[in-house]
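The residues making up each chain are set out below.
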Amino acid sequence: MSATVLEGKFYAAQIKEGIKKDISVLKNKHGITPGLAVIIVGENPASKVYVASKHRSCEEIGIYSEVIELPADVSKEILLAKIAQLNNNDQIHGILVQLPLPDHIKENEAEILNSIDPNKDVDGFHPVNVGKLSIGEEHLVPCTPYGCVKMLELAGIDIEGKNAVIIGRSNIVGKPMFNLLLSRNATVTVCHSRSKDLASITKQADILIAAVGKPHFVTSDMVKPGAVVIDVGINRIAEKKLVGDVDFEQVKQVAGAITPVPGGVGLLTIAMLLHNTVKAACLIHNVTITN
Ligand code: NAD
């Protein structure tokens, strides 16, 4: 048996169709153009690619997009002043600081992210939004786990009552994923680097989410036959070769459904960023949207 491959492009396109409709209502009925500002500090090549892709996606869908490039040696004070300016800029509804930050301000990361207005925090990393998610209020939700859950929903995969196992407990993927699945009534287990006998836990999963950051970490002997396997990992193993955390070729022989890398949930991350930007515009202007 070979698993159904859940193609990110297909689901991202569906999400974007909904967003386009919302943008058109916002523009034509309310005179609002949603706006996103992305701050990038320094010259990290991967970050530059991600930021360019976010900018392009905004332009394609009709979101105003500003990329603010700051030099690698920028001070924390200048960065905070820039964020304060954007917090007060009526044209901007979403603010994102591309991570990682350069070493000299890495220790200030929390202070920097927390200075973003929670209503403009389209990454969903602000403690206010983290807290809301933990009490089941989905205000602005971190894009990657949100995209995974949206994909499950669009694929018609039932979450309620299922055993979901997440490998990874990061603030940007594992923990918000826990809350999203829990509030959809799954029984959720979170595993991490200190978990014992991982395979015995992952084999219980009806839905297995891998967010580890290790190539081919999940092998077929760790997967229950018929399980849905969502691969969040992005690992560069050669100049032009990206792989996930799941050994795709092996696991697709066992799983019921599986996401590829590349071409899987990564594409939904950007779609959810666009969604969050439109949602932030609606929240700020007190407009109700459909999606
Ligand atoms: P992270 O390094 O912050 O967290 C990794 C987690 O894996 C940790 O919680 C750790 O406890 C766990 N872990 C490590 N070794 C383990 C082991 N042997 N057994 C069990 N658990 C173990 O990483 P992250 O930021 O959560 O990202 C995870 C992966 O997802 C990375 O490959 C990253 O590039 C990718 N990612 C993709 C997107 C996207 O848009 N698709 C977004 C964010 C992250």
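Residues numbered from 1 in each chain as written. Predicted model: local features only at pLDDT ≥ 70, side-chain atom pairs only at ≥ 80, totals over all residues. Heavy atoms only, no water.

Enquirer: Go over the pattern of salt bridges with me, naming the residues and quoting the values.
Expert: Across all of its chains, the model carries nine salt bridges by this definition. A salt bridge links Glu153 to Arg184; its shortest N-O distance comes to 2.7 Å. Residue Glu153 is located in helix α7 (residues 143-154), and its partner Arg184 is located in the loop between α8 (174-183) and β6 (187-191); the two are separated by 31 residues in the primary sequence. Classification of Glu153 as partly exposed rests on a relative accessible area of 37%. The partner of Asp206 in a salt bridge is Lys224, and the shortest N-O contact between them spans 2.7 Å. A residue pair is termed long-range when its members are at least 10 positions apart, and Asp206 in the loop between α9 (198-202) and β7 (207-210) and Lys224 in the loop between β7 and β8 (228-231) qualify at 18 residues. Assessed through its relative accessible area of 22%, Asp206 is described here as partly exposed. For Lys224, a relative accessible area of 29% corresponds to the partly exposed category. (Salt bridge = Lys/Arg side-chain N within 4 Å of Asp/Glu carboxyl O. Helix = DSSP H or I, 4+ residues; strand = E, 2+ residues; numbered from the N terminus. Buried < 20%, exposed > 50% of the residue type's maximum accessible area, 1.4 Å probe, protein only.)

Enquirer: Mind laying out the site of the ligand, listing which residues take part and the relevant values?
Expert: Contacts to the ligand come from 21 residues, most closely from Arg169, Ser170, Ser193, Ile234 and Thr269. Measuring from a nitrogen atom of the ligand, one finds a backbone N or O atom of His192 at 3.3 Å. Within the backbone of Ser193, a nitrogen or oxygen atom sits 3.0 Å from an oxygen atom of the ligand. Relative to its unbound accessible surface of 850 Å², the ligand loses 72% to contact with the protein. Broken down by class, the residue content of the shell around the ligand amounts to nine nonpolar, ten polar and two charged. (Near = heavy atom within 4 Å. Polar contact = N/O pair within 3.5 Å; in protein donor to acceptor, adjacent residues only side chain to side chain. Areas by Shrake-Rupley, 256 points an atom, 1.4 Å probe, with all protein chains shown as cover. Nonpolar A, V, L, I, M, F, W, Y, C, P; charged D, E, K, R; others polar.)

Enquirer: Kindly report on the pairing of strand β2 (residues 35-41), identifying the contributing residues and their values.
Expert: Walk down a regular strand and you will see the side chains alternate between the two sheet faces. Of all seven residues that make up β2, seven are buried, and the element is covered over most of its length. Burial along β2 is two-sided: the face carrying Gly35, Ala37, Ile39 and Val41 and the face carrying Leu36, Val38 and Ile40 are both buried. When β2 meets strand β3 (residues 64-70), the two strands line up parallel, connected through seven bridges. Its bridge partner lying in β3, Gly35 is registered against Tyr64. Crossover connection from β2 via helix α2 (residues 45-61) to parallel β3: handedness right-handed. (Pairing = 2+ DSSP bridges. Right-handed = clockwise from strand over helix to strand, strands pointing away.)

Enquirer: Can you break down the domain arrangement of the protein residue by residue, with the values?
Expert: Here the protein is described as being made up of domain 1 (31-117) and domain 2 (143-266). Put simply, the middle of domain 1 and the middle of domain 2, counted by C-alpha atoms, are 29 Å apart. (Domains from an automatic or database assignment.)

Enquirer: Tell me about the sheet that holds strand β4 (residues 94-97), residues and numbers included.
Expert: One open sheet holds the three strands; their spatial order is β3-β2-β4, and the pairing between them is parallel. Only two strands of the sheet have a single neighbouring strand rather than two, namely β3 and β4. Strand after strand, the sheet turns through a mean of 15° between neighbouring axes, direction not considered. Contacts between α2 and the sheet are confined to β2, β3 and β4, with β2 contributing the most and set at about 170° to the helix. (Axes fitted to C-alpha atoms, helices over the stretch in contact; angles between N-to-C directions. Contact = heavy atoms within 4.5 Å.)

Enquirer: Talk me through the sheet that holds β7; I want residue IDs and the actual numbers.
Expert: Where strands meet in a sheet, backbone hydrogen bonds hold them as pairs that are either parallel or antiparallel. Strand order in the open sheet made by the six strands is β1-β11-β8-β7-β5-β6, with parallel pairing throughout. Pairing within the sheet leaves two strands with one partner each, and these edge strands are β1 (4-5) and β6. Summarising the sheet, β1 and strand β11 (residues 257-258) pair through two bridges and their orientation is parallel. Paired with Thr4 across the strands is Ala257, a residue of β11. The sheet contacts of α8 involve β5 (163-167), β6 and β7, and relative to β5 the element is tilted by about 170°.

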